[in-house]
Amino acid sequence: MNISILAGVILAAISNIAGAEPLAGSQGDKRFPPTLPDSPKDPCTKAWKAYVAAGGHSAYAITPYSRVRDIFVICGSSLNAKTQAAAEEKAMASCVRTRDSYKGKINIGGVCEIAASK
């Protein structure tokens, strides 16, 4: 292999690595701030923390929060998917499945929406 081509490949690889932001610990592209239950043991709070900690493409979906006390928040997430779009699709499917399983049993405020993805 030609030395100049090899040097170009190495420089391109280094610039891609240097330009990439680490995903672990990042809230990613936040579309709206999810209102999480106060309890750290709540499944949606745990799912959000796992989403933020994930190092790969991930997404977090949640139903909108309402100030009415008898409306519950439902969420779904996808961690470490192949792409951001795949993570969003899986998070939405998870949220919708969970929401549908509670339909008619509890009062849920709204449809699932992607709150954040990376």
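Just so it is clear, the model here is predicted, and its values are computed rather than measured.

**Student:** Hey, could you run me through helix α2 (residues 43-53) in this one?
**Tutor:** Helical geometry: 3.6 residues make up each α-helical turn, so side chains three or four residues apart lie on a common side. Taken as a whole, α2 has its buried residues at C44, T45, A47, W48, Y51 and V52. Down the axis of α2, the sector holding all buried residues measures 160°, keeping them to one side. Residues P43, K49 and A53 are exposed on α2 and point more than 90 degrees away from its buried face. Where α2 is buried, its residues contact β1 (29-30), β2 (57-62), β4 (75-81) and β6 (113-117).

**Student:** Is there a simple way to think about the environment of S58 in this case?
**Tutor:** Locating S58 in the fold gives a position in strand β2. Setting aside residues no more than four positions away along its own chain, S58 makes contact with Y51, S78, L79, N80, A87, S117 and K118. In terms of polar contacts, S58 uses its side chain to reach the backbone amide nitrogen of N80, at 3.0 Å.

Cut-offs used in this document
- Residues numbered from 1 in each chain as written.
- Predicted model: local features only at pLDDT ≥ 70, side-chain atom pairs only at ≥ 80, totals over all residues.
- Heavy atoms only, no water.
- Buried < 20%, exposed > 50% of the residue type's maximum accessible area, 1.4 Å probe, protein only.
- Helix = DSSP H or I, 4+ residues; strand = E, 2+ residues; numbered from the N terminus.
- Arc of directions from axis to C-beta.
- Contact = heavy atoms within 4.5 Å.
- Polar contact = N/O pair within 3.5 Å; in protein donor to acceptor, adjacent residues only side chain to side chain.

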